[in-house]
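Letter by letter, the chains look like this.
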Amino acid sequence: MDFNLKKLTSDAGVFFTRAVQFTEEKLGSAEKTELDAHLENLIARADCTKNWTEKIFRQTEVLLQPNPIDHTGARIEEFFYEKLDKKIPSRTTNGELLGQYMLDAAKDFGPGTPYGSTLITVGEYQSRLGGAEREFLQTSAINFLTPLRNFLEGDWRTISKERRLLENRRLDLDICKARVKKAKQAEAKAAAEPDFQETRPRNYVLSASASALWSEEVDKAEQELRVAQTEFDRQAEVTRLLLEGISSTHVNHLRCLHEFVEAQATYYAQCHQYMQELQKELSSANSDTYPNSFASNANPSTSATSPSPVSSATLPGVSPPCLASTSTPGIAREPSGPLKIQDVQQPSTGHRKAKVLYDYDAHDTSELSLLADELITVYTVPGMDPDWLVGERGNQKGKVPVTYLELLS
């Protein structure tokens, strides 16, 4: 108990002297030992690495888990699994949950109904999208988030600990320097030759004794200074080696960043493929389910009351209904030959204005290039793919994809 009390008192004294030295440095009344330029640059680089790594780590977590409040319980569970060194179980993603809801709804609505069958199709693809998302989250957490977290919670904590120790060694060194300086000043003052005419012999003897005592104090302070300098140099070297390891950290994080981008590209490619397949299935299903009502525009009495088809901007993958394959005057095409757009003429009725939603580059001479927000005239041709219309802009004519248009009344 006595030893612990002495140690506690000693530590308190050291802490107090360091606090005094630090305060005097801030006030400008004490000298401060400056680190060498190389070590200062390494410290600044390490601080920059830590700050940006932490920001990237936090924002990546937000990207992969947009609603952290909704996942508080999941995070607590993950924490316990990590502490127990057990594998974290995979969880159902929002896409998989939505797909399951659609499949359950289809059972109640009737799988044989148009709505029920479409719910089944969309629900299956939503489940696939959710599965791809789950794989992306797991891969990103392992290959990208984990190395960043290990740096912040492991390497950086070690660096911070050694930097704090270096700062303490520097304060001890400056305290010793100040002590040596004060002792030398006192020794010089005590060693000054006394005035025998005004000073009694007793005072002279005391002055000589004080000079000897201050000389011993200078020797002791210089010895402590050498020890403090040695410990400071040793700690500066340890800190420098740790800070130079930041370069290898950058290399490791660069590799992890490439793996994260690869996982992200794979995930978005899978999502794009699934959505294209879903669009094709919905398009083929709609061509059998919905009548071809675009030909109703050929009758002026019904064109004013018929609703405009749904544009691709509001329902991706569902093509607007096209004109019926009724006999339209002005069509010059051989029944058995391939369709030639140049020979197609605009019918007197059944044509409509359409607004272009996106830019489109023609792939061959039979197609018409489009610019977003421009207005063109479109109409259908019997026997033509329902996903395409004939578009005219001035004297230019060609096929245009329906999904790039918004038909106007």
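Here, the structure is the one placed above.
The present account deals with the structure reproduced in this document. Every value quoted in this text rests on a predicted model; they were computed, and no experiment measured them. (Residues numbered from 1 in each chain as written. Predicted model: local features only at pLDDT ≥ 70, side-chain atom pairs only at ≥ 80, totals over all residues. Heavy atoms only, no water.)

### Here we look at helix H4 (residues 94-109)
Okay, step 1: Between its first and last C-alpha atoms H4 spans 22 Å; for 16 residues at 1.5 Å apiece the expected length is 22 Å, and the two agree.
Okay, step 2: Gly95, Glu96, Gly99, Met102 and Ala106 are the residues of H4 that are buried. When H4 is viewed along its axis, its buried side chains cluster within an angular range of 120 degrees and face the same direction. Pointing more than 90 degrees away from the buried face of H4 are the exposed residues Asn94, Tyr101, Lys107 and Asp108.
Okay, step 3: Positioned one or two residues after H4, Gly110 has a phi angle of 105 degrees, which is positive. (Helix = DSSP H or I, 4+ residues; strand = E, 2+ residues; numbered from the N terminus. Expected span 1.5 Å × (residues − 1). Buried < 20%, exposed > 50% of the residue type's maximum accessible area, 1.4 Å probe, protein only. Arc of directions from axis to C-beta.)

### Considerations on the environment of Lys220
Okay, step 1: Along the polypeptide, Lys220 turns up in helix H6 (residues 201-244).
Okay, step 2: Residues Lys220 and Val180 lie 40 residues apart in sequence; the distance between their C-alpha atoms is 8.6 Å.

### Re the sheet that holds strand S4 (residues 396-401)
Okay, step 1: Taken in spatial order, the five strands make up an open sheet running S4-S3-S2-S1-S5, and their pairing is antiparallel. Where the open sheet ends on each side, the last strands, each with one partner, are S4 and strand S5 (405-407). Each adjacent strand pair in this sheet contributes to an overall mean axis angle of 40 degrees, direction not counted.
Okay, step 2: Bridge count for strand S2 (residues 375-379) against strand S3 (residues 388-393) is three bridges, and the pairing is antiparallel. Paired with Tyr379 across the bridge in S3 is Val390. (Pairing = 2+ DSSP bridges. Axes fitted to C-alpha atoms, helices over the stretch in contact; angles between N-to-C directions.)

### Some thoughts on the side chain of Gln235
Okay, step 1: Following the sequence through the fold, Gln235 ends up in helix H6.
Okay, step 2: A polar side-chain atom of Gln235 sits 2.6 Å from a polar atom in the side chain of Glu162.
Okay, step 3: Ignoring anything within four residues of it in the chain, the contact list for Gln235 reads Glu162, Leu165, Leu166 and Arg169. (Polar contact = N/O pair within 3.5 Å; in protein donor to acceptor, adjacent residues only side chain to side chain. Contact = heavy atoms within 4.5 Å.)

### Quick word on the pairing of S2
Okay, step 1: For S2, the buried fraction is high: four of the five residues fall into the buried class.
Okay, step 2: Where strand S1 (residues 352-356) and S2 come together, four bridges link them in antiparallel fashion. Paired with Lys355 across the two strands is Leu375, which belongs to S2.

### Considering unusual backbone geometry
Okay, step 1: Positive phi, close to 75 degrees, is recorded for Asp373, a residue that is not glycine.
Okay, step 2: Tracing the backbone through its elements, the reader meets Asp373 in the loop between S1 and S2.

### So, a nonpolar patch on the surface
Okay, step 1: Together, Leu254, Leu257 and Val261 give the surface a local cluster of nonpolar side chains, amounting to about 250 Å² of exposed area.
Okay, step 2: Mapping Leu257 onto the fold places it in helix H7 (residues 246-289). (Patch = residues over 30% accessible without salt bridge, like charges linked within 9 Å, V, L, I, M, F, W, Y side chains within 5 Å. Areas by Shrake-Rupley, 256 points an atom, 1.4 Å probe, with all protein chains shown as cover. Salt bridge = Lys/Arg side-chain N within 4 Å of Asp/Glu carboxyl O.)

### Overview of the packing of aromatic side chains
Okay, step 1: Per the counting criterion, the structure on display carries nine aromatic pairs.
Okay, step 2: Relative to Trp156, the ring of Phe151 has its centre 6.4 Å away and its plane inclined at 50 degrees; by these criteria the two rings are tilted.
Okay, step 3: An aromatic cluster is present here, built from Phe136, Phe144, Phe260, Tyr267 and Tyr268 joined pairwise through their rings.
Okay, step 4: Of note, Arg128 hangs over the ring of Tyr125, and the distance from its end group to the ring centre comes to 4.6 Å. (Phe/Tyr/Trp six-rings, centres within 6.5 Å; stacked < 30°, edge-to-face > 60°. Lys NZ or Arg CZ within 6 Å of the ring centre and 35° of its normal.)

### Remarks on the pattern of salt bridges
Okay, step 1: In total, this model carries 16 salt bridges according to the counting rule given.
Okay, step 2: Arg170 is the partner of Glu167 in a salt bridge, and the nearest nitrogen-oxygen pair spans 2.8 Å. Here Glu167 and its partner Arg170 are both found in helix H5 (residues 114-190), three residues apart, which amounts to about one turn of the helix.
Okay, step 3: The salt bridge involving Glu237 is made with Arg240; its shortest N-O contact spans 2.2 Å.

### Here we look at the nonpolar core
Okay, step 1: Among the nonpolar cores identified, the biggest contains 37 residues, and Leu39, Phe136 and Leu243 are the most heavily contacted of them.
Okay, step 2: Listing elements by their share of this core, those giving two or more residues are helix H2 (37-64), H4, H5, H6 and H7.
Okay, step 3: Looking at this core element by element, the count peaks at 16 residues for H5.
Okay, step 4: In contact with Leu243, other than residues within four places in its own chain, are Leu39, Leu42, Ile43, Ala46 and Ile159.
Okay, step 5: Counting 17 residues, the second-largest nonpolar core is a separate cluster that includes Ala354, Val381, Val400 and Leu407. (Core = buried A, V, L, I, M, F, W, Y, C linked by side-chain atoms within 4.5 Å.)

### As for the environment of Tyr268
Okay, step 1: Examined against the element boundaries, Tyr268 turns out to sit in helix H7.
Okay, step 2: Looking at Tyr268, the relative accessible area reads 47%, which means it is partly exposed.

### Things to note about the pairing of S4
One face of the sheet, then the other: side chains in a regular strand alternate in exactly this way.
Okay, step 1: As judged from the six bridges shared by S3 and S4, these two strands associate in the antiparallel manner. Bridging from a neighbouring strand, Gly391 pairs with Gly398 of S4.

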